[in-house]
Amino acid sequence: MTAATAGTTDQATKRVLLAAPRGYCAGVDRAVVTVEKALELYGPPVYVRKEIVHNKHVVTTLEKRGAIFVEETDEVPEGATVIFSAHGVAPVVHEEAKSLGLKTIDATCPLVTKVHREAVRFASDDYDILLIGHEGHEEVIGTSGEAPEHITLVDGPDDVPNIEVRDPEKVVWLSQTTLSVDETMETVRRLRERFPALQDPPSDDICYATQNRQLAVKHMAPDTDLMIVVGSRNSSNSVRLVEVALEHGARAGHLVDYADEIDESWLDGVSTVGVTSGASVPEILVRGVLDYLSERGYDDVKPVIAAEESLMFSLPNEIRRDLKAAGMSDKMRHDGAFAEAGSLH
Ligand code: 0O3
Ligand code: SF4
C-alpha cells in the first residue's frame, strides 16, 4: 500500500502544486476597481446591478465599504449612479436605466462586449446564432438580449438534438466566455454533425483567462490527489476548474470560498494537493488555503506555470472622465490593494 492510500501521509511526501495563472483576470480587476473608485469618488452608497463579479468575499467586502447590490435598475433611487457588472447587460437594461434617469457606469468586461458585438453583426446579416452557454447565467442573458430573435441557447452537448434553425446554410456559433474548452468543442462537434455549414466565431469567445486557468489545472491534475479550487458556487469559471481537474486525473476536487470550508477528512491519505482559484477570486483567499495546508504539513509549494498573463484594461470611460475631472488617479491596482484591505470574513 502506498502512502497515498494508507490513510495517513508521511510528512516528507506532502506537497502543494500551485497553479499559475489563477485568480483575477483583467476584466474582474477592472470591474472591482471601478466599484472601489466610484466609492472613493462619489462616496457611498454606490449601486451595483447584480454581483459585480461572482465572488462572495468581493461582494461582502464592497458592501462593507458602501456598495449596494440590487437585482434590477428599478431598485435604484432616481438620479443615483448604477454600475453594471462584469458579465454584461442586454440593451434593454441600458434603456431602462436611461428612462429612470440613472447615471450608469458599464463595467462589462471588454471581452464580453466583443461577443455582444459579434452577436449584433451576425444578427444584422440575418444568421441564426447558436449561443453555447449555461441557461440563466447573467452573461448569456446579456448576450442573448442583443438579438433575441436570432439567438438560440445551446446548453452543452446534450442540448444539440433539440436545436432548430431556419436555414442550416446560415448558422454561426458563439459562446459564453467562461465555459469548459473541451466540453464546448464537443458541443461544436455535435452541432456541426447536424449543421455541416456551421461557421466558427471570428475569434475565440472563451477568453484567454478561462483557457489559461483550465490549462494549468490540466497540467497539474494527473499528479494531484486532491484539487482545491477557491471560488464561489455561482462562478461559472470556478466550477469548471473542478470539473476539468476531475476529468484530467485529479482523484478528488472541491470548490471552497474560504479555507475554513475545507474538511480535514479530504486530506486523509493525500500526498499532493493542487490549489487554484477562479477568475473572480482575490489572492488573499488562496493565501488562506495555503496557510491552512501549511499548518497541516503541506508547506512544500511548487508553482505549475501554464502561461504568463499581462493583459490589463483601462477603466470604463464614464469613471475615467470623472476621476480626471476630480484630479484622481485612474490606475488599476491588480488585486493586491483590494486583498489587503479586505478582512477574511
Ligand atoms: O462568468 P462567471 O460566473 O465565471 O463569473 P465570475 O466568477 O464573476 O468571473 C468573471 C467572469 C466574467 C465576468 C464574465 O466573463
Ligand atoms: Fe473578461 Fe475573461 Fe475575465 Fe470574463 S473571465 S471578465 S471575459 S477576462
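Analysis parameters
Residues numbered from 1 in each chain as written. Chains lettered and ligands numbered in written order. Predicted model: local features only at pLDDT ≥ 70, side-chain atom pairs only at ≥ 80, totals over all residues. Heavy atoms only, no water. Core = buried A, V, L, I, M, F, W, Y, C linked by side-chain atoms within 4.5 Å. Buried < 20%, exposed > 50% of the residue type's maximum accessible area, 1.4 Å probe, protein only. Helix = DSSP H or I, 4+ residues; strand = E, 2+ residues; numbered from the N terminus. Contact = heavy atoms within 4.5 Å. Near = heavy atom within 4 Å. Nonpolar A, V, L, I, M, F, W, Y, C, P; charged D, E, K, R; others polar. Domains from an automatic or database assignment. Buried area = accessible area lost by both parts, 1.4 Å probe. Salt bridge = Lys/Arg side-chain N within 4 Å of Asp/Glu carboxyl O. Polar contact = N/O pair within 3.5 Å; in protein donor to acceptor, adjacent residues only side chain to side chain. Areas by Shrake-Rupley, 256 points an atom, 1.4 Å probe, with all protein chains shown as cover. 1 Å grid on protein atoms, 1.4 Å probe; cavity = no way out; pocket = protein on both sides within 12 Å on 5 of 7 lines; lining within 4 Å. Sits in = over half its atoms within 2 Å of the grid points.

### Overview of the nonpolar core
Piece 1. Counting residues in each nonpolar core, the largest one holds 30 residues, and the members touching the most others are Val35, Ile52, Val53 and Ile83.
Piece 2. Within the residue set of this core, elements represented by two or more residues are helix H1 (26-42), strand S2 (46-49), helix H2 (56-65), strand S3 (67-70) and helix H10 (317-325).
Piece 3. The element contributing the most residues to this core is H1, with eight residues.
Piece 4. Other than its neighbours up to four places away in sequence, Ile83 contacts Thr34, Val35, Ala38, Val46, Tyr47, Val48, Arg49, Ile52, Ile105 and Ala107.

### A closer look at the site of ligand 2
Piece 1. Inspection of the region around ligand 2 gives Cys25, Gly27, Val28, Cys109, Leu111, Thr177, Thr178, Cys207 and Tyr208 as its neighbouring residues.
Piece 2. In terms of residue class, the shell around ligand 2 is built from six nonpolar, three polar and no charged.
Piece 3. Counting only domains with at least three residues in the shell around ligand 2, you end up with domain 2 (26-109 + 311-326) and domain 3 (111-194).

### Regarding the domain arrangement of the protein chain
Piece 1. If you check the domain split of the protein chain, you get domain 1 (15-23 + 208-305), domain 2 (26-109 + 311-326) and domain 3 (111-194).
Piece 2. Domain 1 and domain 3 are separated by 30 Å when their C-alpha centres are compared.
Piece 3. Between domain 1 and domain 3, the contact holds nine residues from the first and ten residues from the second.
Piece 4. Carbon and sulfur atoms supply 50% of the area that domain 1 and domain 3 bury against each other, a total of about 750 Å² over both sides.
Piece 5. Its largest share of buried area at the contact with domain 3, domain 1 owes to Thr210, Ser236 and Arg240, together 46% of the area lost on that side.
Piece 6. As a salt-bridge pair, Asp182 and Lys218 come within 3.1 Å of each other at their nearest N and O atoms.
Piece 7. Here domain 1 and domain 3 share seven residue pairs in polar contact (both at pLDDT 80 or more) between them.

### Quick look at the site of ligand 1
Piece 1. Not every one of the 15 residues close to ligand 1 is listed here, only the nearest: His54, Thr177, Ser235, Ser236 and Asn237.
Piece 2. Glu139 has a polar side-chain atom sitting 3.3 Å from an oxygen atom of ligand 1.
Piece 3. In the environment of ligand 1, an oxygen atom lies 3.3 Å from a nitrogen or oxygen atom belonging to the side chain of Thr178.
Piece 4. Burial of ligand 1 by the protein amounts to 96% of the accessible area it has alone, namely 380 Å².
Piece 5. At a threshold of 2 Å from the grid points, most atoms of ligand 1 map onto the largest cavity.
Piece 6. When grouped by side-chain class, the residues that make up the shell around ligand 1 number four nonpolar, ten polar and one charged.

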